[in-house]
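Coordinate inspection notes
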Amino acid sequence: MLLKLPKNTTEIHWTRHIKEKMREYQLSERRLLKILKNPERKEEGIAPDTIAVMQTGGRKHPYEIWLMYQIKKQKLKGKKIIMISAWKYPGKSPIKKVPIPEGVLENFKEILKE
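Now for a quick tour of the structure. Predicted model only: the values in this text are computed from it and were never measured. (Residues numbered from 1 in each chain as written. Predicted model: local features only at pLDDT ≥ 70, side-chain atom pairs only at ≥ 80, totals over all residues. Heavy atoms only, no water.)

For helix 2 (residues 29-37), the set of buried residues is Arg31, Leu32, Ile35 and Leu36. The buried residues of helix 2 all sit within an arc of 140 degrees when viewed along its axis, so they share a single face. In helix 2, those exposed residues whose orientation departs by more than 90 degrees from the buried face are Arg30 and Lys37. Those residues of helix 2 hidden inside the fold are in contact with strand 1 (12-14), helix 1 (16-25), strand 3 (51-57), strand 4 (63-74) and strand 5 (78-90). (Buried < 20%, exposed > 50% of the residue type's maximum accessible area, 1.4 Å probe, protein only. Helix = DSSP H or I, 4+ residues; strand = E, 2+ residues; numbered from the N terminus. Arc of directions from axis to C-beta. Contact = heavy atoms within 4.5 Å.)

Shown next as structure tokens:
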């Protein structure tokens with residue numbers, strides 16, 4: 001199955017990293033926007049000035065879909081949302097602790113260096 005990757009708009013910027021993770025975890029743009037607009041849980045992200053939001057999925061084999069983003073203020077246009085990363089977490093994660101798979105964490109550290 002080939003996923004259609006999202007395009008940047010005036011309100012939302014999609015990083016290369018999140019596009020790769022969307023392909024890896026088979027997450028659509030619409031699903032991530034739904035999580036952004038209606039999260040079940042919202043917590044502080046691991047990187048400075050980031051927010052992590054989550055929705056659950058699956059009945060027989062439950063999992064959580066996490067989305068990390070950052071809000072940047074622009075001079076004339078208000079704010080722009082930068083979508084940084086997304087991942088699936090099997091089961092239920094503890095509250096106040098954003099679960100990040102090790103591979104995602106390593107990739108994220110590389111992105112912060114850029």
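This part is about the pattern of salt bridges. Counted under the stated rule, the structure contains three salt bridges. The partner of Arg16 in a salt bridge is Glu20, and the shortest N-O contact between them spans 3.5 Å. Here the residue Arg16 and the residue Glu20 both occupy positions in helix 1, the gap between them amounting to four residues, near one helical turn. Residue Arg16 is classed as exposed on the basis of its relative accessible area of 59%. In this structure, Glu43 and Arg41 form a salt bridge, with 2.8 Å as the shortest nitrogen-oxygen distance. (Salt bridge = Lys/Arg side-chain N within 4 Å of Asp/Glu carboxyl O.)

In spatial order, the strands read 1-5-4-3-2; together these five strands make up an open sheet with mixed pairing. Because the sheet does not close on itself, it has two edges, and the strands there are strand 1 and strand 2 (41-44). Averaged over neighbouring strand pairs, the angle between their axes works out to 30 degrees when direction is ignored. Sheet topology places strand 3 next to strand 4; seven bridges connect them, and they run antiparallel. Within strand 4, the position partnered with Gly57 by the bridge is Tyr63. Against the sheet, helix 1 contacts strand 1, strand 4 and strand 5, and its axis sits at roughly 35 degrees relative to strand 5. (Pairing = 2+ DSSP bridges. Axes fitted to C-alpha atoms, helices over the stretch in contact; angles between N-to-C directions.)

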